[in-house]
Amino acid sequence: MFSEFHHLTTCRIEYILPEYRLEIIYHYWLIMEVTVKKYQQKFKKVKDDMDRWDDLHARLLSQFRNASSIIGRLQLLDDPKNYGFLKDIDNVKDLIFGKKMESLQMIMLSMNKTLEELNIIILSLAKTYRDAKQQLKGGSIQFSTKQLNYRIGVKPSIADCLEGLRLLHEMYQSEYLLKSSVISALAGLALNPSVSDLQAFEQLLVDQPNIPKEEVQSIYDVIFAEEIC
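These numbers were taken from a predicted model, which means no experiment stands behind them.

Q: Please give an account of unusual backbone geometry that cites residues and values.
A: At Q208, a residue that is not glycine, the phi angle is positive and equals roughly 45 degrees. For Q208, the location among the structural elements is in the loop between α6 (195–207) and α7 (213–223).

Q: Mind laying out the environment of L136, listing which residues take part and the relevant values?
A: If you trace the backbone, L136 turns up in helix α3 (residues 92–137). Residue class for L136 comes out buried when judged on its relative accessible area of 16%. Each C-alpha atom, one on L136 and one on L162, is 9.7 Å from the other, the two residues being 26 residues apart in sequence.

Q: Can you lay out the pattern of salt bridges for me, pointing to particular residues and giving the numbers?
A: Summed over the entire model, instances satisfying the criterion amount to 11 salt bridges. Linked by salt bridges that have partners in common, R52, R59 and E117 make up one network.

Q: Quick one: what's the story with α6, residue by residue and with numbers?
A: Residues lying three or four places apart along an α-helix face the same way, a consequence of the helix completing one turn every 3.6 residues. Look at α6: 18 Å from first C-alpha to last across 13 residues, which is about the 18 Å you get at 1.5 Å a residue. Along α6, the positions that sit buried rather than exposed are L198, F201 and L205. All buried residues of α6 project into a common sector of 70 degrees when viewed along the axis, lining one side. For α6, the exposed residues set more than 90 degrees away from the buried face come down to V195 and Q199. Backbone geometry just after α6 places Q208 at a positive phi near 45 degrees.

Cut-offs and rules
- Residues numbered from 1 in each chain as written.
- Predicted model: local features only at pLDDT ≥ 70, side-chain atom pairs only at ≥ 80, totals over all residues.
- Heavy atoms only, no water.
- Helix = DSSP H or I, 4+ residues; strand = E, 2+ residues; numbered from the N terminus.
- Buried < 20%, exposed > 50% of the residue type's maximum accessible area, 1.4 Å probe, protein only.
- Salt bridge = Lys/Arg side-chain N within 4 Å of Asp/Glu carboxyl O.
- Expected span 1.5 Å × (residues − 1).
- Arc of directions from axis to C-beta.

The following block contains the structure:
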């Protein structure tokens, strides 16, 4: 292992006396191992963010379905023929329709609140990735590209860690933007209901196409490979 690492660090230690080179190589190796461990801790924090996202996603989906149910009935409520004997009651249509619209508005406000909480997670993921890059730049040793890609046993390289954090932030940010677009479009459907559109939007929320589970798991398999072995 030291001989391989020596090859990666030759450009930095070629002028150092031979008796000190092994010590320098070990120093590099130790710093890389410590750096990777710190990054693994960041992935555990990201996992907490992802778990929180799942809770909020379930809440948003429930809110969406409640809103869809109301929107699906608005067209029926707008037709006086659907009120039967109640149509003879003064303002009954306006009262019932108004109540449903009021309920829909409350649900829309709740969904926007949920989106705000999801955005907090996006900001947290962005900060984690940004801090990881800054940690590397501010370290006592500036690693070369080869050193960044060097792996100690089954442990991930520093490059693996940075790329994993970048991908996770990118996935969740893209999914957040999709969810925001769907909720914005839902408000427009209240004026012109479409069952097919409602079903399509709901399926998009359920699928979360920007967060493929297999890819997320593969990232964690690389980062915590030593725990799997």
